[in-house]
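Structural overview for review
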Amino acid sequence: MGNIKQPPFEAHILEGICRTIGDSADGLSGTEIGQILLNSKIPDIDPQNTKWKRLYSSFAAWQNQYQCSNHILRFVQDALQPVRYVGKEEIFHNRRLEVNKRLAFIGTELTEEGKFRLVDKAKTISDAEQSASRLKHKLQNRNVHLAVFEYCRAELLLENYFHSVFEATKSIAERIRNMTALCADGNALVETAFSTTNPLIKINNLISDTDRSEHIGLSNLIKGIFGLIRNPTAHEPKIKFEITEEEALDILNTISYIHKLLDKAL
């Protein structure tokens with residue numbers, strides 16, 4: 001955010017940030033809070049209190065003195081550095097989501113890379129919620145199959161397009177395995193499950209040419225999604241495999257369509 005003076009947080013927003021970062025179950029440890037306060041040059045004025053109240057006391061006192069939120073933002077950035085969450089990715093995603101809902105009220109967002117960026121300033125709680133979950137909102141409007149949300153809920157909330165698409169694609173293979181008790185993956189799984197001579201999954205009676213075309217078409221559609229998403233994303237670093245919001249919506253809609261066809265299985 002540079003040296004620009006950032007506006008102070010209202011008390012209830014500041015409390016929300018403190019409760020999220022200082023959550024008693026999976027928040028920062030007391031030692032971490034003390035160290036990050038020191039790094040952020042915020043006096044630790046209430047070290048014996050519960051974690052979130054300790055943070056609130058320190059933040060509120062600093063903010064009241066300097067009438068800005070710069071050092072509080074420095075604390076938040078340090079507390080949500082991705083390196084702190086190696087092996088705890090879901091905690092990182094959920095915590096960043098909750099913090100961003102509050103930061104939206106001063107027109108700021110913390111990215112997955114641990115950097116701040118400017119966003120449209122939220123005026124209401126629903127504005128902040130919608131900003132943090134735009135992708136989920138759009139998918140709900142498209143009536144996407146519930147299985148898509150079941151397998152990538154955390155990523156959807158954070159508009160993490162790469163992981164959203166990758167996890168949703170894996171949901172298809174997992175569902176086919178659950179339906180067939182097969183252990184295979186990829187094309188081998190699809191070809192065995194949708195064999196035309198001894199199919200383990202049928203979405204029609206396979207009597208007419210139209211039935212057979214629909215059956216083979218679904219098999220090819222699934223293999224196409226695997227080839228398009230699972231294979232490239234499994235071998236390419238995330239930075240080299242960019243997926244835009246519109247691309248994510250289109251792919252997730254196709255995955256939803258596959259799940260809806262699988263709902264028709266006889």
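Now for a look at the structure at hand. (Residues numbered from 1 in each chain as written. Predicted model: local features only at pLDDT ≥ 70, side-chain atom pairs only at ≥ 80, totals over all residues. Heavy atoms only, no water.)

1. Some thoughts on the pattern of salt bridges
One pass over the structure, following the stated rule, counts 13 salt bridges. A salt bridge links Arg177 to Glu174, with the nearest nitrogen and oxygen atoms 3.2 Å apart. Remark: Glu174 and Arg177 occur in helix H9 (residues 161-180); sequence separation between them is three residues, near one turn of the helix. (Salt bridge = Lys/Arg side-chain N within 4 Å of Asp/Glu carboxyl O. Helix = DSSP H or I, 4+ residues; strand = E, 2+ residues; numbered from the N terminus.)

2. Details of unusual backbone geometry
The backbone phi angle of Ala181 is positive, close to 65 degrees, even though this residue is not glycine. Mapped onto the fold, Ala181 is located in the loop between H9 and helix H10 (186-193). Notably, Leu206 is not glycine yet its phi reads approximately 55 degrees, a positive angle. Counting through the fold element by element, Leu206 comes out in the loop between H10 and helix H11 (209-235).

3. A closer look at the packing of aromatic side chains
Taken as a whole and assessed by the stated rule, the structure comprises four aromatic pairs. Aromatic side chains Trp62 and Tyr66 sit 4.7 Å apart centroid to centroid with 35 degrees between the ring planes, which places their arrangement in the tilted category. Of this pair, Trp62 and Tyr66 both sit in helix H3 (residues 51-66), four residues apart, which is roughly one turn of that helix. Aromatic side chains Tyr85 and Phe92 sit 5.3 Å apart centroid to centroid with 45 degrees between the ring planes, which places their arrangement in the tilted category. In terms of burial, Tyr85 and Phe92 fall into one category: buried. The ring of Trp52 carries the charged tip of Arg19 above its face, separated from the ring centre by 3.8 Å. (Phe/Tyr/Trp six-rings, centres within 6.5 Å; stacked < 30°, edge-to-face > 60°. Buried < 20%, exposed > 50% of the residue type's maximum accessible area, 1.4 Å probe, protein only. Lys NZ or Arg CZ within 6 Å of the ring centre and 35° of its normal.)

4. Considerations on the side chain of His145
With respect to the helices, strands and loops of the structure, His145 is situated in the loop between helix H7 (134-141) and helix H8 (146-157). Residue His145 is classed as buried on the basis of its relative accessible area of 15%. At 2.9 Å, the side chain of His145 and the backbone nitrogen of Ala147 are in polar contact. Side-chain polar atoms of His145 contact the side chain of Asp263, separated by 2.8 Å. What His145 contacts, discounting residues up to four positions off in sequence, is Arg175, Ser256, His259, Lys260 and Asp263. (Polar contact = N/O pair within 3.5 Å; in protein donor to acceptor, adjacent residues only side chain to side chain. Contact = heavy atoms within 4.5 Å.)

5. What about the packing of H9 against helix H12 (residues 245-262)?
At their nearest, the axes of H9 and H12 sit 9 Å apart, and the two run at 10 degrees to each other. Classified by the angle between their axes, H9 and H12 sit roughly parallel to one another. Every residue of H12 that contacts H9 at Tyr161, Ser164, Val165, Ala168, Thr169, Ser171, Ile172, Arg175, Ile176 and Met179 is listed here: Glu245, Ala248, Ile251, Leu252, Ile255, Ile258, His259 and Leu262. Among the residues forming the contact of H9 with H12, the class breakdown is twelve nonpolar, four polar and two charged. (Axes fitted to C-alpha atoms, helices over the stretch in contact; angles between N-to-C directions. Parallel < 35°, antiparallel > 145°, perpendicular 65-115°, else oblique. Nonpolar A, V, L, I, M, F, W, Y, C, P; charged D, E, K, R; others polar.)

6. Brief notes about the environment of Leu249
Within the secondary structure, Leu249 is located in helix H12. Spatially, the C-alpha atoms of Leu249 and Arg142 are 9.1 Å apart, while their sequence positions differ by 107 residues. Every residue in contact with Leu249, bar those within four places of it in the chain, is listed here: Leu135, Lys138, Leu139 and Arg142.

7. What about the environment of Asn94?
Relative to the assigned elements, Asn94 resides in helix H5 (residues 89-103). Look at Asn94 and you get partly exposed, because its relative accessible area is 33%. Note: C-alpha distance between Asn94 and Thr20 (74 residues apart in sequence) is 9.3 Å.

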